[in-house]
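Below are the chains, spelled out letter by letter.
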Amino acid sequence: MDWKQLLSTKRTGTSSGAGSHDRTQFQRDYDRLIFSSPFRRMQDKTQVFPLPGSVFVHNRLTHSLEVASVGRSLGSNVSRFLGSLYGDEFPLAQELGSVVAAACLAHDMGNPPFGHSGEKAISDFFKYGDGRYLESMINSPAIWNDFVDFEGNANALRVLTHKFSGRRTGGFAMTYTSVASIVKYPYASGNSDLKKYGFFQSEKEIFMDIASELGLKETSPGVFARHPLVYLVEAADDICYQLMDIEDAHKLGILSTPETMDLLMAFYDPVEDKEHLRRIKEVFREVTDTNEQIAYLRAGVIGKLVGACSEIFIKHHDSILDGTFSGALTDKLSGNMDEAMKGCARVGISRIYRHPSVVEIEIAGFRILGTLLDEFIKAVLEPKHYYSRLLLPFIPQQYKVSENAPVHHRVQTVIDFISGMTDVYALDLFRKIQGTGISGNI
């Protein structure tokens, strides 16, 4: 693959590159996302812990903003490296920080309400739940795979590129490079040898167009090498969710202060990081607030991981570019940082992700999303029924399709509607349908 082809300002829904603007094309991608409704709705979507009461923990929006900040640093580091390779002859190389930041903002935009359990809830509805009957009505096994193995990553590509009813061709009209940078799994569903997948059948054509335009390497039939910037987006996400989940768990009292301190201090080598450790002690003599101490340590660890992942990318640059690199950048960490990262992952699995508050929101998500899917799919399939006519006005114009559209189109538009909901709206609509959210006297 060639960087000069991989960095393109061509936009989805257009036939050529964009014209001249005060901002660069990749900065426009970033701004377009920031001001969009799907991005704003992430402020009311669960990251890991239930949305806050008195203690503010991360939601999808704050997580995405932090990932974008880390991603910009990673992209800028690699940009300087490419500058040393290409000099002034390749000005787009200077824009890697903006590209990665934009992709980081978008990477979770396809995730449904109630965290990762929302993905499982949608999948299980079709695979094991009340939606199983629909398989006989959908003629394409490939499309059915998209439903029974719903994937938030693929849905993000759909949100960014699909022409919803009444909306512009090309969706957000993002640059091909920014879109490609979120596709962690550049192949369709249904391949038993590969985990997850990157695009639904409905977006296969646009992905193939992006892959062709950017020169993504096809490693086997229908399977492509990642765009190199995906590794930076993935690293930024890995760094943020591992560390911020630890910090949130401390704020909620799930992890004690000594436990949290130990997890973060483990990233520092007593010899190599002697000066850093001296500085930490100096700061702690002045900063005695426990939460501020944790935040200071976390910031320092993020800085170390950004530097390490940038170096790993540069070290493996050639194999990343020829599509033979495997795994994530954080998989290649060594020494203290590798052990410390694994330690955070172990604590996440054993202490955080199985915590009752997390499990409770997962259980609620299954019940809420399963009910909404069942009711609204029946409504779009039988629109003339009286009850259906009561429900259908809840579906926004952008998600409506013709009553004569194929069954899978009508089902897909319900998934679009429900996966775009906030946690609070999904809960409110569920209560209304169940008859428990009625206000006033009857």
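Everything in this summary refers to the structure shown in the same document.

The rules behind these values
- Residues numbered from 1 in each chain as written.
- Predicted model: local features only at pLDDT ≥ 70, side-chain atom pairs only at ≥ 80, totals over all residues.
- Heavy atoms only, no water.
- Helix = DSSP H or I, 4+ residues; strand = E, 2+ residues; numbered from the N terminus.
- Buried < 20%, exposed > 50% of the residue type's maximum accessible area, 1.4 Å probe, protein only.
- Lys, Arg positive; Asp, Glu negative; His and termini not counted.
- Salt bridge = Lys/Arg side-chain N within 4 Å of Asp/Glu carboxyl O.
- Polar contact = N/O pair within 3.5 Å; in protein donor to acceptor, adjacent residues only side chain to side chain.
- Contact = heavy atoms within 4.5 Å.
- Disulfide = S-S within 2.5 Å.
- Arc of directions from axis to C-beta.
- Phe/Tyr/Trp six-rings, centres within 6.5 Å; stacked < 30°, edge-to-face > 60°.
- Lys NZ or Arg CZ within 6 Å of the ring centre and 35° of its normal.
- Axes fitted to C-alpha atoms, helices over the stretch in contact; angles between N-to-C directions.
- Parallel < 35°, antiparallel > 145°, perpendicular 65-115°, else oblique.
- Nonpolar A, V, L, I, M, F, W, Y, C, P; charged D, E, K, R; others polar.
- Expected span 1.5 Å × (residues − 1).
- Left-handed = near helix turned anticlockwise from the far one by under 90°.
- Core = buried A, V, L, I, M, F, W, Y, C linked by side-chain atoms within 4.5 Å.

## Quick look at unusual backbone geometry
Item 1. The phi dihedral of Ala173 falls on the positive side, at around 50°, and the residue is not glycine.
Item 2. Here Ala173 shows up in the loop between α8 (152-161) and α9 (176-180).

## A short note on the side chain of Asp237
Item 1. Looking at the secondary structure, you find Asp237 in helix α11 (residues 229-251).
Item 2. Lys184 provides the closest opposite charge to the buried, unpaired Asp237, separated from it by 4.8 Å.
Item 3. Side chain to side chain, Asp237 and His63 meet in a polar contact 2.8 Å long.
Item 4. For Asp237, the side chain forms a polar contact with the side chain of His107, separated by 3.3 Å.
Item 5. When neighbours within four sequence positions are excluded, Asp237 is seen to be in contact with His63, Val67 and His107.

## Observations concerning the state of the cysteines
Item 1. Applying the stated criterion across every chain yields a total of zero disulfides.
Item 2. With no disulfide of its own, Cys104 lies closest to Cys240 among cysteine sulfurs, the gap being 8.0 Å.
Item 3. In this structure Cys104 comes out as buried when scored by relative accessible area, which is 0%.
Item 4. Cys309 carries a free sulfur, and the closest cysteine sulfur to it, the one in Cys240, is 11 Å from it.
Item 5. On the accessibility criterion, Cys309 (0% relative accessible area) is buried.

## A short note on the pattern of salt bridges
Item 1. Evaluated as defined, the whole model comprises 18 salt bridges.
Item 2. Between Arg158 and Glu203 there is a salt bridge; the shortest N-O distance is 3.0 Å. Of the two residues, Arg158 sits in helix α8 while Glu203 sits in the loop between α9 and α10 (204-214), which places them 45 residues apart along the sequence.
Item 3. When its relative accessible area of 5% is taken as the criterion, Arg158 is described as buried.
Item 4. In this structure, Arg226 and Glu234 form a salt bridge, with 2.8 Å as the shortest nitrogen-oxygen distance.
Item 5. Looking at Glu234, the relative accessible area reads 9%, which means it is buried.
Item 6. Beyond isolated ion pairs, a larger network of salt bridges with shared partners links Glu275, Arg278, Arg279 and Glu282.

## As for α10
Item 1. When we look at burial in α10, the residues that qualify are Phe207, Ile210, Ala211 and Leu214. The arc enclosing the buried residues of α10, seen along the axis, measures out at 100°, which places them on a common side. Exposed residues on α10 whose side chains face more than 90 degrees from its buried face are Glu205 and Ser212.
Item 2. Contact partners of the buried residues in α10: α1 (3-6), α8, α9 and β2 (223-224).
Item 3. Positive backbone phi, approximately 70°, marks Gly215, located one or two places after α10.

## Considering the packing of aromatic side chains
Item 1. The final tally for this structure, using the stated rule, is 14 aromatic pairs.
Item 2. Consider the rings of Phe126 and Trp144, whose centres lie 5.9 Å apart with planes at 85°: the pair is edge-to-face. Of the two residues, Phe126 is situated in helix α6 (residues 116-127) and Trp144 in helix α7 (residues 141-148); the sequence distance between them amounts to 18 residues. The two residues Phe126 and Trp144 agree in class, both being buried.
Item 3. Over the aromatic face of Tyr231 sits the side chain of Arg226, whose NZ or CZ is 4.9 Å from the ring centroid.
Item 4. One cation-aromatic arrangement involves Lys332 over Phe325; the distance from NZ or CZ to the ring centre is 5.3 Å.

## Observations concerning the packing of α6 against α7
Item 1. In contact at an axis separation of 7 Å, α6 and α7 are set at 130° when each is read in the N-to-C sense. The angle between α6 and α7 places the two elements in the oblique class. Contacts between α6 and α7 involve Ile122, Ser123, Phe126 and Lys127 from the former and Trp144, Phe147 and Val148 from the latter.
Item 2. Looking at side-chain class alone, the contact of α6 with α7 contains five nonpolar, one polar and one charged residues.

## Some thoughts on helix α20 (residues 423-434)
For the α-helix, the turn length of 3.6 residues means that residues three or four positions removed from each other point alike.
Item 1. For α20, spanning 12 residues, the distance from its first C-alpha to its last is 16 Å, which sits close to the expected 16 Å at 1.5 Å a residue.
Item 2. Regarding α20, the residues found buried are Asp423, Ala426, Leu429, Phe430 and Ile433. End-on, the buried residues of α20 take up no more than an arc of 135°, which puts them together on one face.
Item 3. Trailing α20 by a residue or two, Gly435 shows a phi angle of about 80°, which is positive.

## What to know about the side chain of His317
Item 1. Among the secondary structure elements, His317 is positioned in helix α15 (residues 317-321).
Item 2. Overall, the relative accessible area of 6% leaves His317 in the buried class.

## A look at the packing of helix α2 (residues 25-34) against helix α5 (residues 96-106)
Item 1. Two elements in contact, α2 and α5, have axes separated by 8 Å at closest approach and are oriented at 20°. Classified by the interaxial angle, the pair formed by α2 and α5 is roughly parallel. Pair α2 / α5 crosses with left-handed handedness. When α2 is examined against α5, the residues Phe26, Gln27, Asp29, Tyr30, Leu33 and Ile34 are found in contact with a partner set consisting of Ser98, Val99, Ala101, Ala102, Leu105 and Ala106.
Item 2. The residue inventory of the contact of α2 with α5, partitioned by class, reads nine nonpolar, two polar and one charged.

## Concerning the nonpolar core
Item 1. If you look at the biggest cluster of nonpolar residues, it comprises 92 residues, and the most contacted ones within it are Trp3, Leu33, Met109, Leu243, Phe267, Leu305 and Leu329.
Item 2. Of the residues forming this core, the biggest block, 12 residues, is contributed by α11.
Item 3. Here Leu33 is in contact with Phe39, Ala102, Leu105, Ala106, Met109, Leu160, Phe172 and Met174, once residues within four sequence places are set aside.

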